[in-house]
Amino acid sequence: MIEYKKRFVEVDEILKNLPEEEFNKIPSNLIKLIRENKDSNYRWDYDKSKKITAQNLHRDTIAILAYINTEFILENEQKMLMRKFHYFNELKNKK
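Below you will find a few notes about this structure.

Conventions used here
- Residues numbered from 1 in each chain as written.
- Predicted model: local features only at pLDDT ≥ 70, side-chain atom pairs only at ≥ 80, totals over all residues.
- Heavy atoms only, no water.
- Salt bridge = Lys/Arg side-chain N within 4 Å of Asp/Glu carboxyl O.
- Helix = DSSP H or I, 4+ residues; strand = E, 2+ residues; numbered from the N terminus.
- Buried < 20%, exposed > 50% of the residue type's maximum accessible area, 1.4 Å probe, protein only.
- Core = buried A, V, L, I, M, F, W, Y, C linked by side-chain atoms within 4.5 Å.
- Contact = heavy atoms within 4.5 Å.
- Phe/Tyr/Trp six-rings, centres within 6.5 Å; stacked < 30°, edge-to-face > 60°.

All told, the structure shown has nine salt bridges when counted by the stated rule. The shortest N-O distance in the salt bridge between lysine 16 and aspartate 12 comes to 3.7 Å. Note that lysine 16 and aspartate 12 are positioned in helix α1 (residues 2-16) at a spacing of four residues, about one turn of the helix. The exposure class of lysine 16 is partly exposed, given its relative accessible area of 46%. Of the charged contacts in the structure, one is a salt bridge between lysine 32 and glutamate 36, with a shortest N-O distance of 3.9 Å. Here lysine 32 and its partner glutamate 36 are both found in helix α3 (residues 28-37), four residues apart, which amounts to about one turn of the helix. On the basis of relative accessibility, which here comes to 56%, the residue glutamate 36 falls in the exposed class.

This brings us to the nonpolar core. Judged by nonpolar contacts, the single largest core of 16 residues is most densely connected at Val11, Leu15, Ile26, Ile34, Trp44, Leu65 and Ile68. For this core, the elements supplying multiple residues, two or more each, are α1, α3 and α4 (59-73). It is α1 that provides the largest number of residues to this core, a total of five residues. Beyond its immediate stretch of four places on either side in the chain, tryptophan 44 contacts Val9, Glu10, Glu13, Ile14, Gln55 and Leu57.

This structure, assessed with the given rule, holds two aromatic pairs. Look at tyrosine 67 and phenylalanine 72: their rings are 6.0 Å apart centre to centre, the planes differ by 85°, and that puts the pair in the edge-to-face class. Residue classification places tyrosine 67 among the partly exposed residues on the basis of a relative accessible area of 46%.

Attention now moves to unusual backbone geometry. One non-glycine residue with positive phi stands out, namely asparagine 56, at about 60°. In this structure, asparagine 56 sits in the loop between α3 and α4. Given the relative accessible area of 76%, asparagine 56 is considered exposed.

Structure below.
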């Protein structure tokens with residue numbers, strides 16, 4: 001569980017840097033859960049000069065962000081495409 005607490009620090013920092021319109025799509029109880037369960041001793045800074053792909057994110061952080069993006073931020077058509085992508089990716093990994 002300690003590692004997830006660190007991942008919540010990374011997720012929270014990234015969410016803080018979202019445009020307000022996107023941030024407001026995320027349920028406040030989810031934001032609260034992330035903030036209440038993050039590691040208070042772990043520090044990670046989002047580098048605004050780098051793209052998200054260059055932030056050296058942990059795989060679990062990426063998974064949490066992908067979930068938040070798919071479930072709350074994307075529009076319906078985009079959500080369906082992402083779910084199909086994840087489905088086909090899972091099939092590929094099983095083979």
